[in-house]
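Here's the letter readout for the chains.
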Amino acid sequence: MAEQTSPDNIQCDGQALLRLAQAGRDWLDRHHATVNQLNVFPVPDGDTGTNMLMTMRNAVKEAAGHESNHIGQVAAHIAHGAMMGSRGNSGTILSQLWQGFAHALKDQPVLTAELLVRALREAADTAYRGVIKPVEGTILTVAREAAEEGEAIYEETQDTILILERVITRAKDALARTPQMLPILQKAGVVDSGGSGLVYIMEGMLRHIRGEVIETTVITTEHTEDLAMTLAPEDEEGYGYDVQFILKGEQPLNVGAIRAAIDEMGWSTVVVGTESVIKVHVHVHDPGRPLSYGVSLGTISDIVVENMQEQFHEYVQERSEKSHVAASHAPLPELNMPDLEEDDIGVVSVASGEGIARVFRQLGATELVMGGQTNNPSTQEILDAIQRVPTRSVIMLPNNKNIILAAEQAARLAHNKRVIVIPTRSMPQGISALLPYDPQGDLENVAEAMLQARENVTTGEITTATRSVELNGVRVSEGQIIGLIDGALAVAGENVNQVLQALLHHMYTGDYELVTLYYGNNVQPDEAEQVVNELREMFSELEFELVPGGQAHYHYIVSVE
Amino acid sequence: MARILVVVDSTCDLPAEIIQQYDIRIIPTYVQFGLESLADDGEQLTRETFYARLPTASPLPTSSAPPLGQSIEIMEQALADADHVIALTAPAKLSGVYNVFRLAVERTDPQRVTLIDGQQLSMGLGWQALIAAEMTEEGYDPAAIRDALIAMQPRIHVWAALDTLEYVRRSGRVGWASAIVGEFLRIKPIIHLYMSDVRNAMRVRTSQRAFQALIDLARNAAPFDRLAVMHTCNPDGAKRLADALRDLHPDFRLITVEATPVLGVHVGPNGLGLGVVRTG
């Protein structure tokens, strides 16, 4: 619950400092999930908020166990508690901030403006020394700019509360600028997580001074899933909206003034750009305000408005989903494969069907040529794909016996590249061949490993016969469903599911472990689910994986390994 | 003779009897299930309870560097019990533990501590701690031990066959794993930890092939001065792997260990691994 404290209190004693630390801890407690979410640097493991909270909790706990009213002693207890309770990088840095802060207050009974300014400076300096290679755009920058602001404002006023207010405003400003200092943050579209944790702690303190309510979530459950769901929203009005747009000015734009105006409307403000074009990012309760403001200054484009309440719940759900989510229900995000250098090895692969194409992309194929049994890509199309690959060495996967020749032809025509064709005869062979692909490996070795891996699977295919024929002792009439094993006709029947079952019985030898079924664009997902469930019962010792292949003509492509 | 103690973090995976025999001091790293933070010390969190909890934990646990204060206490105790300390940690590149140790050394007695970035995890780090401890018994001085370990590091490899990409991807420490944002096909990666880098050594899709791949990797890297088999709740697999490799390693004890929970956080259950020191 809120504790009403008159502003003068914080100027005097240790207990006031303790209450400030408690308020900082509580405000961080409310927001630690948000801080976790921002965590992309140095290690994006989503625990910055948790680690800082652990550290703050122990800091306050330690200090609360002592009766002292002497600010130097209380600060020392807080620092000691932080050090004993620190977790992870961010916790370690936070403990160093407290340590520097406490050192400046050593032997002092009460806080003065001068001491506050000095303590902030020493906190920042100690934190910088606490890491091996200080990086700007992090909690360190936020702490340092806070200290600098304290020193600057001290020239004008000796009012501790005024100083603290200005320091926190500057800390928030520094936090908003962290993406400009640290490219990885910019790329991820977030501010620094540790810095934001520090700002929450400071904000909590300020709210306490102003007598604002800070309710903490009481955690009684061990399950953070529940915790995350019960977390209080950003403030009393909820999470609000994430608004982004690009502003092109008719008159020269004043970035600083616009940033200040936008920041007034919400929080997590990032305004960057030049006199002619500015990128705006802000979290607000009323998305209309920043948009109208933008229109008043020029033309706005690339507008994104997202409901953060929904995003947060999606995020929580995503984090808590178990690892074995059925691939068929996975969303289809962009693949962000690392860029290849000229000396690396690239891969061109033929793929039939969108789903199969995605699998090839997931496994690292650089360029794809769409095609297959009934629509063989031309030599020119393959050559074009080879030329699009930025590397000099290229491995080509034709993935169909009718495409191997065209692939070899294209390889010979690509004079400026070293191209090795792995004669894969089916999509599953191509996928299996791609598993050992290592873009930084030696071309001969990688090609050899891929050539061998091609043999690790047996391919089954289910399709509709286009003519009547008798082959391998199997009589087929046009329109019947047929099953092929490694390209040879093996079974025929009237019903897709029966033929699929018969085919697996043919293929099964007991040595196998995993069956992957790629279902085609003529099979409904729920139908495929049902089929695979029946197969699971029938072959209980095998593992089945169902993948939407999206291929034409083939109801199922099956790989057994 | 000056007494030297080895202090290492809990990611070293050394078996309890070796820790006891050589009086190796362990600084626990931490596992967090949400806001429940547990020391990886075999007491607050045992392997048994951890691996029983892991499959159903939601969200998945995270790991973190130990409190500086606790590290200082353990370091102080070691310095009280010995003349010098050799302190070894998980790779500074992958973990905050090194920095915590560095600060702990600064605040105790820098003159009497030799701090070494182990550049390895699990038995890749464990072998270094054990070899350091053996060398102290043989009377080597701290500088000689440090030089020996640093010279040995390029011969140390850890391979781990993971049952799923999921845990290592979520750990955020492996760029290539996080690059694959949507897993359309389940993959079992074999990762290679070498000189602080985690690389994708191989990708397979069945546990049989993963098993065979580890054997092939080991046969290509042999002979070894030291060989350990590691696992995450997969004792049967570990035993089979150890049996399959026994001929590569006739002279030394082959150590089989279950990886400590902090590592389990990053590799997930049903993993198998090798930690080797190749013969120089």
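Look up a bit, the structure's there.
Treat the numbers as computed from the prediction; the structure is a model and nothing was measured. Counting of residues starts from 1 at the beginning of each chain's written sequence and follows it residue by residue. Working convention: letters from A go to chains and numbers from 1 go to ligands, in the order in which they are written. pLDDT decides what is reported in this predicted model: residues at 70 or higher carry local features, side-chain atom pairs at 80 or more are listed and counted, and totals for whole chains, interfaces and linings draw on all residues regardless. Computation of side-chain values: all heavy atoms of the structure, hydrogens and water removed.

Asks: Which residues make up the overall build of chain B, and what values go with them?
Replies: Each helix and strand counted, chain B has 11 helices and 13 strands in total. Just to be clear, the radius of gyration here is over C-alpha atoms, and the globule rule we use is 2.2 Å times residues to the power 0.38. Compactness check: chain B gives a C-alpha radius of gyration of 18 Å against a globular reference of 19 Å for 280 residues, within 12% of the reference. Dimensions of chain B, computed from the C-alpha atoms along their principal axes, are close to 55 × 45 × 30 Å. Relative accessible area decides the class of each residue, using a 1.4 Å probe on protein chains only: under 20% of the type maximum gives buried, over 50% gives exposed, and in between gives partly exposed. Per-residue burial over chain B gives 65% buried out of 280 residues. Using a 1.4 Å probe, the Shrake-Rupley method yields the accessible areas, and only the shown protein chains count as cover for residues. Summed over all atoms, the accessible surface of chain B reaches about 10000 Å², with 50% contributed by carbon and sulfur. Only four residue types enter the charge count: Lys and Arg as positive, Asp and Glu as negative, with His and the chain ends excluded. Here the site of a charge means atom NZ of a Lys, CZ of an Arg, CG of an Asp or CD of a Glu. If you average the places of the 26 positive and of the 32 negative side-chain charges in chain B, the two averages end up 9 Å apart. Only runs of H or I of at least four residues qualify as helices and only runs of E of at least two qualify as strands under DSSP, and these elements are numbered from the N terminus.

Asks: Explain unusual backbone geometry to me, using residue names and the numbers behind them.
Replies: Residue and element names in this part refer to chain B. Residues S58 and P59 are joined by a peptide bond in cis, for which omega reads -5°. Tracing the chain through its elements places P59 in the loop between α2 (47–53) and β5 (62–64). P223 follows A222 through a cis peptide bond whose omega is 0°. For P223, the position within the fold is in the loop between α9 (207–221) and β11 (224–232). Positive phi outside glycine occurs at D13, with the angle close to 65°. Although it is not a glycine, S122 sits at a positive phi angle of roughly 50°.

Asks: Got a sec to walk through the pattern of salt bridges? Specific residues and values, please.
Replies: The working definition used for a salt bridge is a side-chain nitrogen of Lys or Arg within 4 Å of a carboxyl oxygen of Asp or Glu. Applying the stated criterion across every chain, the model contains 42 salt bridges over all chains. For R199(B), the salt bridge goes to D438(A), with nearest N and O atoms at 3.2 Å. Here R199(B), found in strand β10 (residues 197–204), pairs with D438(A), found in the loop between α18 (427–434) and α19 (443–454), and the two come from separate chains. When its relative accessible area of 40% is taken as the criterion, R199(B) is described as partly exposed. Through salt bridges with shared partners, a single network forms among E136(A), R144(A), E145(A), E148(A), E149(A), R166(A), R170(A), D173(A) and R177(A).

Asks: Please give an account of the environment of Q99(A) that cites residues and values.
Replies: Here Q99(A) is to be found in helix α5 (residues 88–105). For Q99(A), a relative accessible area of 25% translates into the label partly exposed. For the pair Q99(A) and A146(A), spaced 47 residues apart in the sequence, the C-alpha separation amounts to 16 Å. Those residues in contact with Q99(A), other than ones at most four positions away along the chain, are A79(A), M83(A) and R107(B). Whether two residues are in contact is decided by their heavy atoms: any pair within 4.5 Å suffices.

Asks: Lay out the nonpolar core with the relevant residues and their values.
Replies: For soluble globular proteins, the rule of thumb is that nonpolar side chains tend to be buried together. Core analysis: the largest hydrophobic core is formed by 90 residues, its most contacted members being F360(A), I395(A), L434(A), M450(A) and L14(B). Here this core gets nine residues from one element, more than from any other, and that element is helix α5 (residues 122–137) of chain B. The contacts of F360(A), once residues within four sequence positions are left out, are S349(A), V350(A), A351(A), A365(A), L368(A), L397(A), N399(A), M427(A), G430(A), I431(A) and L434(A). In these notes, a set of buried Ala, Val, Leu, Ile, Met, Phe, Trp, Tyr and Cys residues joined through side-chain atoms within 4.5 Å is what counts as a nonpolar core. The next biggest cluster of nonpolar side chains, apart from the first, holds 70 residues, and it includes I78(A), I93(A), I161(A) and L182(A).

Asks: Give a detailed account of the sheet that holds β11(B), specifying residues and quantitative values.
Replies: All names here are of chain B. Following DSSP output, two strands are said to pair if at least two bridges run between them. Spatial strand order, β10-β9-β8-β13-β11-β12: six strands in an open sheet with mixed pairing. Edge strands, defined here as strands with exactly one partner in the open sheet, are β10 and β12 (255–258). Across the sheet, the mean angle from the axis of one strand to that of its neighbour is 20°, orientation sign disregarded. In this structure, β11 lies alongside β12, joined through four bridges in parallel fashion. Paired with V229 across the bridge in β12 is T256. Between N-to-C directions, angles cover 0 to 180 degrees, with each direction set by a line fitted to C-alpha atoms, over the stretch in contact for helices. Relative to β11, α5 is tilted by about 135°, and along the sheet it contacts β8 (156–161), β11, β12 and β13 (271–278). Running at roughly 0° to β13, α9 makes contact with β8, β9 (188–194), β10, β11 and β13 of the sheet.

Asks: Kindly report on a nonpolar patch on the surface, identifying the contributing residues and their values.
Replies: Residue and element names in this part refer to chain A. The patch calculation keeps residues exceeding 30% relative accessible area without a salt bridge and links them within 9 Å when they carry like charges or within 5 Å when they are nonpolar (Val, Leu, Ile, Met, Phe, Trp, Tyr). On the surface, Y241, I303 and V305 cluster together to form a nonpolar patch covering roughly 240 Å² of accessible area. Tracing the backbone shows I303 in strand β4 (residues 298–307). For I303, a relative accessible area of 44% corresponds to the partly exposed category.

Asks: Talk me through the packing of helix α3 (residues 68–81) of chain B against helix α4 (residues 97–106) of chain B; I want residue IDs and the actual numbers.
Replies: Residues and elements named next belong to chain B. Look at α3 against α4: their axes get within 9 Å of each other, and the N-to-C directions meet at 55°. If you check the angle between α3 and α4, you find them oblique. Seen along the crossing, α3 lies across α4 with a hand that is right-handed. Residues L68, S71, I72 and M75 of α3 form the contact with α4, whose own contacting residues are V100, F101, L103, A104 and V105. Only Asp, Glu, Lys and Arg are considered charged in this grouping, and only Ala, Val, Leu, Ile, Met, Phe, Trp, Tyr, Cys and Pro are considered nonpolar; every other residue, Gly among them, is considered polar. Of the residues that constitute the contact of α3 with α4, the class distribution is eight nonpolar, one polar and no charged. Should an angle fall under 35 degrees it is taken as roughly parallel, and over 145 as roughly antiparallel, whereas 65 to 115 is taken as roughly perpendicular and any remaining angle as oblique. Handedness of each helix crossing follows the sense of rotation of the near helix against the far helix: counterclockwise by less than a right angle gives left-handed, clockwise gives right-handed.

Asks: Would you mind going over the pairing of strand β14 (residues 514–519) of chain A in detail, with residue names and values included?
Replies: A regular strand carries its side chains on alternate faces of the sheet. All names here are of chain A. Of all the six residues making up β14, six are buried; the element is thus mostly covered by neighbouring parts of the structure. The alternating pattern of β14 places L514, T516 and Y518 on one face and V515, L517 and Y519 on the opposite face, and all of these are buried. With six bridges joining them, β14 and strand β15 (residues 543–548) adopt parallel strand pairing. Its bridge partner lying in β15, T516 is registered against E545. Inspection of the sheet shows β14 paired to strand β16 (residues 554–560) by five bridges, in the antiparallel sense. The partner of T516 across the bridge, within β16, is S559.

Asks: Run through the sheet that holds strand β8 (residues 418–421) of chain A, naming residues and quoting values.
Replies: Residues and elements named next belong to chain A. If you walk across this open sheet you meet the four strands as β6-β5-β7-β8, and the pairing is parallel. Of all the strands in the sheet, just β6 (367–370) and β8 have a single pairing partner and so form its edges. Across the sheet, the mean angle from the axis of one strand to that of its neighbour is 20°, orientation sign disregarded. As defined by bridge partners, strand β5 (residues 345–351) adjoins strand β7 (residues 393–397) across five bridges and the pair is classed as parallel. Note that in β7 the partner of G346 across the bridge is V394. Helix-sheet contacts for helix α16 (residues 379–388) involve β5, β6, β7 and β8, and the interaxial angle to β6 is about 165°.

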